[in-house]
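Reading the structure
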Amino acid sequence: MSWPYGYFGDMYLSDKTKETMLKNIANQLGITKGYNIVKETKVDYSNTKLIKEGKAANTTISLVTMEKTDKREYEQYILVSVKMSDGVRGVDNLETEINNVYRDIGMDNTVNVYLKGSVAGKMSSEEKDNLVAQILEVADAKEVYIEENNSMYSVYGYTRYREGYAYQQEEKVNINVAISYDPDKNISYIHVASPFINKS
């Protein structure tokens, strides 16, 4: 999954304008039909979303409005979420394509690439270590530090081949591999993100 977001501005946007903007962005990503537009509204927050479900990927383009009702001030953010059925294949091209869309509309953006896979059963400590090592090797990344608790085994790494990075524990990181286990389903989930997994 790629989850890029960008600050768009502080102007007021009508519902019609938001829908037009979402359609234009979708068109730049090759989405021209077969989508739905829905809106969620709360006291100081609204989210207008264009949703397209396909065989290769499910795409959601959101225009989020944060409103300070007492001052009539607005903050507009655009977010793009793409869940791909074939996992990591094409992630770099997708990230570049979305970056180009943001550039074309004059936005600075942050891109968080997130992938999720699963395997049957509970992974042993050795299996976790081997899998994480393989992923870091493919990414040409070095291990920075490890976090582990009852629900999650998480490894942070850094590679010089990705431009962006964040600071965790006062260290540069831009790849995060985590493994969790669902005992009810007896499934282990593998999460891979850059620069790190958003836990919110």
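Each remark here, short or long, concerns the structure printed above.
So, here's what we can say about the structure. Owing to the predicted nature of the structure, the values given are computational and were not obtained by experimental measurement.

A word on the environment of G34
- By secondary structure assignment, the location of G34 is in the loop between α1 (15-28) and β2 (35-41).
- Judged by relative accessible area, which is 58%, G34 ranks as exposed.

Some thoughts on the nonpolar core
- I61 and L63 are the most contacted members of the largest nonpolar core, which has 13 residues in total.
- Mapped by element, the contributors of at least two residues to this core are α1, β4 (57-68) and β5 (73-84).
- It is α1 that provides the largest number of residues to this core, a total of four residues.
- Once residues lying within four places of it in the same chain are set aside, the contact partners of I61 are L22, I25, A26, L29, T48, K49, L50, L79 and V80.
- One finds A141, Y153, I190 and V192 within the second-largest nonpolar core, a separate group that totals twelve residues.

Describing unusual backbone geometry
- We note that D140 has phi near 55 degrees; this positive angle belongs to a residue other than glycine.
- Tracing the chain through its elements places D140 in the loop between α3 (125-138) and β7 (142-148).
- Even without a glycine there, the phi angle at N186 is positive, about 55 degrees.
- Assignment of secondary structure puts N186 in the loop between β11 (175-182) and β12 (187-194).

Scoring rules and cut-offs
Residues numbered from 1 in each chain as written. Predicted model: local features only at pLDDT ≥ 70, side-chain atom pairs only at ≥ 80, totals over all residues. Heavy atoms only, no water. Helix = DSSP H or I, 4+ residues; strand = E, 2+ residues; numbered from the N terminus. Buried < 20%, exposed > 50% of the residue type's maximum accessible area, 1.4 Å probe, protein only. Core = buried A, V, L, I, M, F, W, Y, C linked by side-chain atoms within 4.5 Å. Contact = heavy atoms within 4.5 Å.

Fair warning: the whole summary comes from geometry, so function is off the table for now.
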